[in-house]
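Remarks on the overall topology
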Amino acid sequence: MNVLGLTALLFSGATAAGLVGALTGLGGGVVLVPLLTLGLGVDIKYAIGTALVAVIATSSGAAAAYVREGFSNVRIGLFFEIATTLGALLGAFLASRTPTSAIAVIFGVVLLTSVAFSWKEHGAATESLSPDPLATRLGLNGSYPSLAGEQSYFPRRVPVAWLLMVVAGAASGLLGIGSGALKVLSMDNVLGLPYKVSTTTSNFMIGVTAAASAGVYLTRGYIDPGLSAPVVLGVLAGSALGARILTRARSNVLRLVFTAVVLVMAVQMIVHGLRGAA
Amino acid sequence: MSERTVRRLGREVGAILRLGVLISSAVIILGLVPYLVRDGAGHADYRLFRGEPEVFRTVREVLAYAARAHPRGIMQLGILLLIATPVGRVALCLVEFARERDRLYIGVTLVVLLTLSWGLFGPG
């Protein structure tokens with residue numbers, strides 16, 4: 001294939017990935033890696049490097065809108081970014097020492113779990129009503145605007161959440177994804193934050209986490225401008241388009257279709273990895 | 001952090017993220033167009049991982065390569081600016097915490113910045 005053809009394919013594929021990411025809430029990275037490896041035959045290391053850059057693009061674009069609304073907690077974000085960035089460096093370190101076939105299988109499994117999470121109902125979280133001493137000392141308590149006025153929240157079980165954030169960072173650095181699902185899980189279920197605060201703070205953290213491992217991927221030579229340039233532009237176009245469609249289209253039907261697509265991709269990644277190992 | 005500071009920080013963070021995405025996409029396009037005009041008919045193969053040449057691997061090399069107006073160097077510079085965008089956001093928080101004399105969070109932010117620079121400038 002010539003460069004022009006590949007660039008056009010990359011751009012349109014990334015636009016579709018950005019669109020799917022915005023509509024399913026999965027983020028762009030998760031669909032990009034299977035698209036590049038299975039669809040275009042790109043080596044998984046190049047694919048992961050490219051996806052990391054795309055993750056930074058989408059999360060920065062989306063976070064810009066969220067922080068202004070006053071939902072995300074800057075302190076919680078920064079405090080747990082220590083965990084996610086350290087984890088991201090660890091993941092990037094592991095990536096060069098893990099066989100490609102194993103990465104493909106792990107990727108498929110993580111993809112399957114993320115799909116399950118995106119469909120999970122997030123009911124009324126068991127929010128803590130009294131301040132936790134450690135969280136208070138770290139200045140993590142906060143409040144957010146709700147219909148009933150300013151609502152306070154008190155995070156708890158900080159050490160457990162911190163460890164989960166290291167895992168989230170490692171998954172991001174190893175697989176080139178944003179690990180949004182894991183981040184939300186540790187804030188929503190472990191810290192007991194209101195759902196809106198968890199999701200917006202997570203979006204805020206994804207870019208910083210990906211930047212840590214993207215640096216390592218760049219120095220290792222896993223980030224190619226010919227691949228990442230059209231992908232970044234495509235993903236940005238796709239997610240902007242997705243945000244617009246989301247408010248108009250019947251999103252449940254769309255989500256169902258896209259979830260099916262992602263499921264097929266996940267299974268294919270696993271099969272691909274297992275075949276490569278054999 | 002006072003309510004006013006939180007709101008201002010939110011606005012500034014939003015602005016820096018949007019600006020970063022805008023500038024980096026503009027630089028990427030600036031490199032991509034001449035690249036496609038010049039090398040569009042060339043053969044593309046990414047099936048086998050070979051690793052990028054040195055000029056794409058470090059901040060200093062990328063800057064030097066882009067300065068010589070190589071299309072692929074300019075594209076990589078755009079990617080580098082995109083990676084720098086979240087780093088800029090953390091640096092902005094550092095300024096804000098320093099203004100508030102919040103020692104704990106000055107420390108927290110410094111650790112995050114240090115980890116990020118290790119990724120970009122460390123041994124890989």
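Above this text is the structure in question.
Residues numbered from 1 in each chain as written. Chains lettered and ligands numbered in written order. Predicted model: local features only at pLDDT ≥ 70, side-chain atom pairs only at ≥ 80, totals over all residues.

To continue, consider the overall build of chain A. Each helix and strand in chain A was counted, giving eleven helices and two strands. Beginning at the N terminus, the succession of helices and strands in chain A can be written as α-α-α-α-α-α-β-β-α-α-α-α-α. Taking all 278 residues of chain A together, the buried fraction comes to 59%. Within chain A, contacts between residues separated by at least 24 positions form 81% of all contacts whose residues are at least 6 apart in sequence. (Helix = DSSP H or I, 4+ residues; strand = E, 2+ residues; numbered from the N terminus. Buried ≥ 20, exposed ≤ 12 C-beta atoms within 10 Å, placed from the backbone. Contact = placed C-beta atoms within 7 Å.)

Our next topic: helix 8 (residues 180-190) of chain A. Residue and element names in this part refer to chain A. Those residues of helix 8 not exposed but buried are Gly180, Ala181, Leu182, Lys183, Val184, Ser186 and Met187. Here the buried face of helix 8 lies against helix 5 (100-119), helix 7 (158-175) and helix 9 (195-220). Among the residues trailing helix 8, Gly192 stands out with phi positive, at a value near 70°.

What follows covers the interface of chain B and chain A. Contact with chain B, which involves 54 residues of that partner, is made by 54 residues of chain A. Here the element with the most residues in the side of chain B that touches chain A is helix 1 (residues 3-39) of chain B; it accounts for 16 residues.

All right, on to unusual backbone geometry then. A positive phi angle, near 55°, is found at Ser179 of chain A, a position not held by glycine. Inspection of the secondary structure puts Ser179 of chain A in the loop between helix 7 and helix 8. What makes Ser179 of chain A buried here is the crowd of 33 C-beta atoms within 10 Å. Positive phi outside glycine occurs at Ala69 of chain B, with the angle close to 65°. Mapped onto the elements, Ala69 of chain B comes out in the loop between helix 2 (59-67) and helix 3 (71-99).

Time to look at the packing of helix 3 of chain B against helix 4 (residues 103-121) of chain B. Residue and element names in this part refer to chain B. Packing of helix 3 against helix 4 leaves a shortest axis separation of 9 Å and a crossing angle of 160°. Overall, the two elements helix 3 and helix 4 adopt an arrangement that is roughly antiparallel. When you trace helix 3 past helix 4, the crossing you get is left-handed. On the side of helix 3, the interface is formed by Val87, Val90, Ala91, Cys93, Leu94, Phe97 and Ala98, while helix 4 contributes Tyr105, Ile106, Thr109, Leu110, Val112, Leu113 and Leu116. Counted by class, the contact of helix 3 with helix 4 contains 13 nonpolar, one polar and no charged residues. (Axes fitted to C-alpha atoms, helices over the stretch in contact; angles between N-to-C directions. Parallel < 35°, antiparallel > 145°, perpendicular 65-115°, else oblique. Left-handed = near helix turned anticlockwise from the far one by under 90°. Nonpolar A, V, L, I, M, F, W, Y, C, P; charged D, E, K, R; others polar.)

Residues and elements named next belong to chain A. Along the chain, Val257 falls in helix 11 (residues 251-277). Overall, the presence of 13 C-beta atoms within 10 Å leaves Val257 in the partly exposed class. Taking the C-alpha atoms as reference points, Val257 and Gly61, 196 residues apart in sequence, are found 25 Å from one another.

Our next topic: the pairing of strand 1 (residues 142-146) of chain A. As paired elements, strand 1 of chain A and strand 2 (residues 149-153) of chain A share five bridges and run antiparallel to each other. From the neighbouring strand, Ser143 of chain A faces strand 2 of chain A, where its bridge partner is Ser152 of chain A. (Pairing = 2+ DSSP bridges.)

All names here are of chain A. Taking 1.5 Å of rise per residue, 22 residues should cover 32 Å, and helix 4 (residues 74-95) covers 30 Å from first to last C-alpha, within 8% of that figure. The largest bend in helix 4 amounts to roughly 35° and is located at Glu81. Of all the 22 residues making up helix 4, 19 are buried; the element is thus mostly covered by neighbouring parts of the structure. (Expected span 1.5 Å × (residues − 1). Bend = angle between axes of the 7 residues up to and from the residue.)

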